[in-house]
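Listed below, chain by chain, are the residues.
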Amino acid sequence: MSKVVQFSVLILFIFMTGCSSVSKYEDNEAAAIVKGQKIIIGDLRFLYPDDTALDYLDWAIRIELVKQKVKEMDLDISDKLSEERDDGWFGELPPTNTKDEGGKQIRKFAESQAQKLDMKPEEFQREYAKKIDEQNAYLVTYIEKKLGVAEFDEEKRMEEFNKEADHLLEELVEDNEDEIEVLID
């Protein structure tokens with residue numbers, strides 16, 4: 001998958017975020033049911049800080065719909081998974097003494113999540129990277145099937161493509177709204 005597409009998906013993901021706490025819910029409690037598939041609190045807690053995890057429920061619903069649609073369309077995501085799935089740069093925790101600001105943020109997040117989940121930070125980062133990679137693979141597979149492969153040489157075209165992708169995801173939610181049940185506030 002091209003780095004531009006990965007970056008676009010990440011930007012889209014960031015814009016989809018909305019502050020609520022999941023601490024009042026049990027990890028095995030369902031936050032939503034999407035066409036019969038549960039999204040549980042523990043999944044949200046793994047991917048996001050507790051104080052903002054519920055803000056990502058709409059995103060999790062979209063991702064679940066995309067996964068189901070990709071499977072229904074019998075599309076293969078394997079070519080969209082990172083070639084370095086187990087040993088990729090994102091699965092590696094930056095060193096404690098990193099000077100890179102992005103690396104510092106990644107490390108801080110991994111350490112915080114690992115402590116909350118009773119894991120080692122390196123273990124958390126590997127698992128986190130796998131989950132994000134899989135989500136991105138489903139998302140890119142679906143978007144490319146519907147909109148074509150993103151080829152843009154300029155920022156304006158990237159913005160247009162992101163708007164088209166966002167609209168596509170909104171339509172997917174609207175088309176399935178009768179089969180989405182949010183179970184928490």
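The model shown is predicted, which means the values in this text are computed figures rather than measured ones.

Definitions and limits used
- Residues numbered from 1 in each chain as written.
- Predicted model: local features only at pLDDT ≥ 70, side-chain atom pairs only at ≥ 80, totals over all residues.
- Heavy atoms only, no water.
- Core = buried A, V, L, I, M, F, W, Y, C linked by side-chain atoms within 4.5 Å.
- Buried < 20%, exposed > 50% of the residue type's maximum accessible area, 1.4 Å probe, protein only.
- Contact = heavy atoms within 4.5 Å.
- Patch = residues over 30% accessible without salt bridge, like charges linked within 9 Å, V, L, I, M, F, W, Y side chains within 5 Å.
- Areas by Shrake-Rupley, 256 points an atom, 1.4 Å probe, with all protein chains shown as cover.
- Salt bridge = Lys/Arg side-chain N within 4 Å of Asp/Glu carboxyl O.
- Lys, Arg positive; Asp, Glu negative; His and termini not counted.
- Charge placed at Lys NZ, Arg CZ, Asp CG, Glu CD.
- Helix = DSSP H or I, 4+ residues; strand = E, 2+ residues; numbered from the N terminus.
- Pairing = 2+ DSSP bridges.
- Axes fitted to C-alpha atoms, helices over the stretch in contact; angles between N-to-C directions.
- pLDDT = per-residue confidence, 0-100.
- Left-handed = near helix turned anticlockwise from the far one by under 90°.
- Nonpolar A, V, L, I, M, F, W, Y, C, P; charged D, E, K, R; others polar.
- Expected span 1.5 Å × (residues − 1).
- Polar contact = N/O pair within 3.5 Å; in protein donor to acceptor, adjacent residues only side chain to side chain.

**Student:** When you look at the nonpolar core in this model, what are you seeing that I'm missing?
**Tutor:** Ranked by size, the top nonpolar core spans 43 residues in total, and within it Leu-44, Leu-57, Ile-61 and Val-66 carry the most contacts. Not counting residues up to four positions away in its chain, the partners in contact with Ile-61 are Ala-32, Val-34, Ile-39, Ile-180 and Val-182.

**Student:** Sorry if this is basic, but what is going on with a negative patch on the surface here?
**Tutor:** On the surface, a cluster of negative charge is contributed by Glu-170, Glu-171, Glu-174, Asp-175, Glu-177, Asp-178 and Glu-179. Along the polypeptide, Asp-175 turns up in helix 6 (residues 155-175). Asp-175 sits in the exposed class, given a relative accessible area of 66%.

**Student:** Sorry, what's going on with the sheet that holds strand 1 (residues 30-34) here?
**Tutor:** The strands making up a sheet associate through backbone hydrogen bonding, with each pair oriented either parallel or antiparallel. Pairing in this open sheet of three strands is antiparallel, and the strands run 2-1-3 from one edge to the other. Of all the strands in the sheet, the pair left with one neighbour each is strand 2 (37-40) and strand 3 (180-182). For this sheet, the mean angle separating the axes of adjacent strands, direction not counted, is 20°. Here helix 3 (residues 57-72) sits on the sheet and contacts strand 1, strand 2 and strand 3; the angle it forms with strand 1, its principal contact strand, is near 35°.

**Student:** Explain the confidence of the model for the chain to me, please; I cannot follow it from the model alone.
**Tutor:** Note: predicted coordinates in regions of low pLDDT should not be interpreted at a detailed level. In the predicted model, the chain carries a mean pLDDT of 86, and 85% of its residues have values of at least 70. Segment residues 11-19 is flagged for pLDDT under 50; beyond a separation of four residues in sequence, or across chains, it makes 17 contacts in the model.

**Student:** I tried to follow the pairing of strand 2 on my own but got confused; where do I start?
**Tutor:** The side chains of a regular strand alternate, first on one face of the sheet and then on the other. Relative to strand 2, strand 1 runs antiparallel, the two sharing four bridges. Across the sheet, residue Ile-33 finds its bridge partner in strand 2, namely Lys-38. The hairpin turn running from strand 1 into strand 2, its antiparallel successor, is two residues long, and Lys-35 in that turn takes a positive phi close to 50°.

**Student:** Is there a simple way to think about the packing of helix 3 against helix 5 (residues 121-147) in this case?
**Tutor:** Two packed helices can be described by the angle between their axes and the distance between those axes. Close contact between helix 3 and helix 5 brings their axes to 9 Å; oriented N to C, the two are set at 60°. Judged by the twist between their axes, the crossing of helix 3 over helix 5 is left-handed. Listed contacts from helix 5 to Trp-59, Ile-63, Val-66, Lys-67, Lys-69, Val-70 and Lys-71 of helix 3 are Glu-134, Gln-135, Tyr-138, Leu-139, Thr-141 and Tyr-142. Of the residues contributing to the contact of helix 3 with helix 5, the split by class is seven nonpolar, two polar and four charged.

**Student:** Before we go on, may I ask you to explain the environment of Leu-117 in this structure?
**Tutor:** Mapping Leu-117 onto the fold places it in helix 4 (residues 101-117). Residue class for Leu-117 comes out partly exposed when judged on its relative accessible area of 22%. Sequence separation of Leu-117 and Gly-42 is 75 residues, and the distance between their C-alpha atoms is 9.6 Å. Not counting the four nearest positions on each side in its chain, Leu-117 is found in contact with Phe-46 and Phe-124.

**Student:** Whenever I open this one, helix 3 confuses me. Can you help?
**Tutor:** Compared with an ideal rise of 1.5 Å per residue, which puts 16 residues at 22 Å, helix 3 spans 22 Å between its outermost C-alpha atoms and is within 8% of the ideal. By the criterion of burial, helix 3 is predominantly enclosed, with twelve of the 16 residues buried. Taken together, the buried positions of helix 3 are Leu-57, Trp-59, Ala-60, Ile-61, Arg-62, Ile-63, Glu-64, Leu-65, Val-66, Lys-67, Gln-68 and Val-70. Asp-74 sits one or two positions beyond helix 3 and adopts a positive phi of about 55°.

**Student:** Would you explain the side chain of Arg-62 in this entry?
**Tutor:** Along the chain, Arg-62 turns up in helix 3. Within polar-contact distance, the side chain of Arg-62 engages the side chain of Asp-166 at 3.2 Å.

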